[in-house]
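Residue-level listing of the chains:
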Amino acid sequence: MDQNRTEALNELAEELQGVNETLTPLEALTWVEVLWEDFEATLAKAGEKYQGEAVAVRFVQQQIKQHGPMLHRFNTTNEKFKHLMIGRDDQSIN
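None of these values were measured; they are calculated from a predicted model.

Cut-offs applied
Position numbers for residues start from 1 in each chain and track the written sequence from start to end. Since the coordinates come from a predicted model, pLDDT governs what is reported: local features require at least 70, and pairs of side-chain atoms require 80 or more to be given and counted, while whole-chain, interface and lining totals use all residues. Only hydrogens and water are removed before side-chain values are computed, so all heavy atoms of the structure are retained for them. Per the convention used, a helix needs a DSSP run of H or I reaching at least four residues, while a strand needs a run of E reaching at least two, with both numbered from the N terminus. Here, residues are in contact when the closest pair of their heavy atoms is within 4.5 Å. Where accessible areas are quoted, they stem from the Shrake-Rupley method and a 1.4 Å probe; at the residue level, only the protein chains shown are allowed to cover. A helix is expected to span 1.5 Å for every residue after the first. Relative accessibility thresholds used throughout: buried, under 20% of the residue-type maximum; exposed, over 50%; partly exposed, between the two (1.4 Å probe, protein chains only). Note on definitions: angles span 0 to 180 degrees between N-to-C directions of axes, and those axes are lines fitted to C-alpha atoms, for helices only across the stretch in contact. Each angle receives one of four descriptions, namely roughly parallel if under 35 degrees, roughly antiparallel if over 145, roughly perpendicular if within 65 to 115, and oblique otherwise. If you view the pair so one helix is near and one far, a crossing is left-handed when the near helix is turned anticlockwise from the far one by less than a right angle, and right-handed when it is turned clockwise. Only Asp, Glu, Lys and Arg are considered charged in this grouping, and only Ala, Val, Leu, Ile, Met, Phe, Trp, Tyr, Cys and Pro are considered nonpolar; every other residue, Gly among them, is considered polar. Here the nonpolar core consists of buried residues drawn from Ala, Val, Leu, Ile, Met, Phe, Trp, Tyr and Cys, with membership extended through side-chain atoms lying within 4.5 Å. Side-chain atoms alone can form a polar contact between residues adjacent in sequence; in general such a contact is a pair of N or O atoms within 3.5 Å, and within protein one must be able to donate a hydrogen while the other accepts it.

S.K.: Could you clarify how one ought to interpret the overall build of the chain in this entry?
M.R.: Per the secondary structure count, the chain includes four helices and zero strands. The secondary structure elements of the chain, listed N-terminal to C-terminal, are α-α-α-α. Across the chain, the fraction of contacts at a sequence separation of at least 24, relative to all contacts at a separation of at least 6, is 54%. For the chain, the accessible area works out to roughly 6100 Å², and carbon and sulfur atoms hold 50% of it.

S.K.: So what exactly am I meant to see when it comes to helix 3 (residues 53-67) here?
M.R.: Along an α-helix, a turn takes 3.6 residues, which lines up residues three or four apart on a common side. With 15 residues, helix 3 should reach 21 Å at 1.5 Å per residue; the first-to-last C-alpha distance of 21 Å fits that figure. Buried within helix 3 we find V55, A56, V57, V60, Q63 and I64. Against the buried residues of helix 3 lie helix 1 (3-19) and helix 2 (25-45).

S.K.: Whenever I open this one, the packing of helix 1 against helix 2 confuses me. Can you help?
M.R.: Pairs of packed helices are described in terms of their axes, by the angle between the two and the distance that separates them. Following both chains from N to C, one finds helix 1 and helix 2 inclined at 120°, their axes separated by 8 Å at the closest point. In this view, helix 1 runs oblique relative to helix 2, as classed from their interaxial angle. Here helix 1 runs over helix 2; the crossing is right-handed. Two secondary-structure elements touch here, helix 1 through R5, A8, L9, N10, L12, A13, L16 and Q17 and helix 2 through P25, A28, L29, W31, V32, E33, W36 and E40. Residue classes in the contact of helix 1 with helix 2 are distributed as eleven nonpolar, two polar and three charged.

S.K.: Can you help me understand the nonpolar core in this one?
M.R.: Side chains of a nonpolar character, in soluble globular proteins, are inclined to be buried together. Residues L12, L16, V32, W36, V60 and I64 are the most contacted members of the largest nonpolar core, which totals 19 residues. Where this core is concerned, the elements lending two or more residues are helix 1, helix 2 and helix 3. In terms of residues, this core owes the most to one element, helix 2, which gives seven residues. Discounting residues that sit within four places of it in the chain, W36 has contacts with R5, A8, L9, L12, Y50, E53, A56, V57 and V60.

S.K.: Even after reading the chapter, I still don't get the side chain of N20, so can you show me in this structure?
M.R.: Here N20 is to be found in the loop between helix 1 and helix 2. Overall, N20 belongs to the buried group, its relative accessible area being 1%. At 3.3 Å, the side chain of N20 and the backbone oxygen of P69 are in polar contact. Apart from the residues within four sequence positions on either side, N20 is in contact with G68, P69, M70, L71 and H72.

Quick look at the structure:
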């Protein structure tokens, strides 16, 4: 991972923690990485041309604004996200 991307992920994780203090720094970073990777994978599956990291950053920022305060309550059976749910079963929503 290049330095610009690492810096962007760290800044986004801080932004997420700013709206959701329940998440640890590691959980916030993990959420940001998952959102970013999911965005890129969705573009690739749709056959869309990757438009650069700036577009991915804007997407993740939008997700943080819309869903960030409640991400700690997210629940899923998807194995990709399961590690984010550990220890949070009593607070989760579907």
